[in-house]
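The residues making up each chain are set out below.
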Amino acid sequence: MEHGQERIIELAAEIAKLIEEHPVTVEYRSMLEVMRRDADSLDLLEKLVALGRNLNEMAKGGREIEIAATEENRRIEERLRENSMVKAFIGAQKSYFNLVNQVIGRINHPKERA
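Presented here is a report on the structure given in the accompanying data block. (Residues numbered from 1 in each chain as written. Predicted model: local features only at pLDDT ≥ 70, side-chain atom pairs only at ≥ 80, totals over all residues. Heavy atoms only, no water.)

### Some thoughts on the overall build of the protein chain
To be explicit about the condition: Runs of E in the DSSP output that reach at least two residues are strands. Runs of H or I that reach at least four are helices, and both are numbered from the N terminus. Within these notes, the globule rule equals 2.2 Å times the number of residues to the 0.38 power, and the radius of gyration is based on C-alpha atoms.
Summing up its helical and strand segments, the protein chain has five helices and zero strands in all. Taken from N to C terminus, the helices and strands of the protein chain fall in the order α-α-α-α-α. For a compact globule of 114 residues, the expected C-alpha radius of gyration is about 13 Å, and the protein chain comes in at 19 Å, more than 25% above that figure. A principal-axis box enclosing the C-alpha atoms of the protein chain has dimensions of 60 × 40 × 25 Å.

### Some points on helix H5 (residues 84-108)
To keep it simple, the criterion reads: Here the expected length of a helix is defined as 1.5 Å per residue gap, with one fewer gap than residues. Whether a residue is buried, partly exposed or exposed follows from its accessible area with a 1.4 Å probe, protein chains only, as a fraction of its type maximum: under 20%, in between, or over 50%, in that order. Throughout this description, a polar contact denotes any pair of N or O atoms lying within 3.5 Å of each other; where both atoms belong to protein, one of them has to be capable of donating a hydrogen while the other can accept it, and for residues adjacent in sequence the pair is counted only when both atoms sit in side chains.
Here H5 contains 25 residues, and its C-alpha end-to-end distance of 36 Å stays within 8% of the 36 Å for a straight helix at 1.5 Å per residue. Regarding H5, the residues found buried are Val86, Phe89, Ala92, Tyr96 and Leu99. With a side-chain oxygen positioned 3.0 Å from the backbone nitrogen of Met85, the residue opening H5 is Asn83.

### Observations concerning the side chain of Ser41
Worth spelling out the cut-off: Whether two residues are in contact is decided by their heavy atoms, any of which lying within 4.5 Å being enough.
Relative to the elements of secondary structure, Ser41 occurs in helix H3 (residues 39-60). The exposure class of Ser41 is buried, given its relative accessible area of 1%. A polar contact is formed between the side chain of Ser41 and the side chain of Asn83, at a distance of 2.9 Å. When sequence neighbours within four positions are dropped, the list of residues in contact with Ser41 reads Met35, Asn83, Met85 and Val86.

### A closer look at the side chain of Asn83
You can see Asn83 is positioned in the loop between helix H4 (71-82) and H5. Judged by relative accessible area, which is 10%, Asn83 ranks as buried. Among the polar contacts listed, one links the side chain of Asn83 to the backbone nitrogen of Met85, at a separation of 3.0 Å. Here Asn83 is in contact with Asp40, Ser41 and Leu44, once residues within four sequence places are set aside.

### Quick look at the packing of helix H2 (residues 23-36) against H5
Note the threshold: Here, axes are lines fitted to C-alpha atoms. For helices the fit covers the stretch in contact, and angles between N-to-C directions go from 0 to 180 degrees. By definition, any crossing whose near helix is turned counterclockwise from its far helix by less than a right angle is left-handed, and any crossing with a clockwise turn is right-handed.
It is the contact of H2 with H5, at a shortest axis distance of 9 Å, that shows an interaxial angle of 145°. In this structure, the crossing between H2 and H5 has a hand that is left-handed. Of the residues in H5, those touching H2 at Val24, Thr25, Glu27, Tyr28, Arg29, Met31, Leu32, Val34 and Met35 are Met85, Val86, Ala88, Phe89, Ala92, Gln93, Ser95, Tyr96, Phe97 and Leu99.

What follows is the structure in structure tokens.
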């Protein structure tokens, strides 16, 4: 590997370490561990992800997005209101993904200001 490439890889490792130690990442990983031990929260999260996937497919297909007021959707909505852990996990995940996306954005567009 060329010297210039080695330096880039070293800096990438430093950035990875900074991201790994950042409070946003620590919170996300902590919430992920808690979620893995809570079957009810995991089930709810899976249902929300499936619902989101269906909505994305509808949007890609050019169909009007409409969430049916089904009994299942009402149960999901009620479970989400009652489950602060899933809401906290989604918030932590969003913050973590935002951090990573900002780093990727800076790599892709180094001359743009933050």
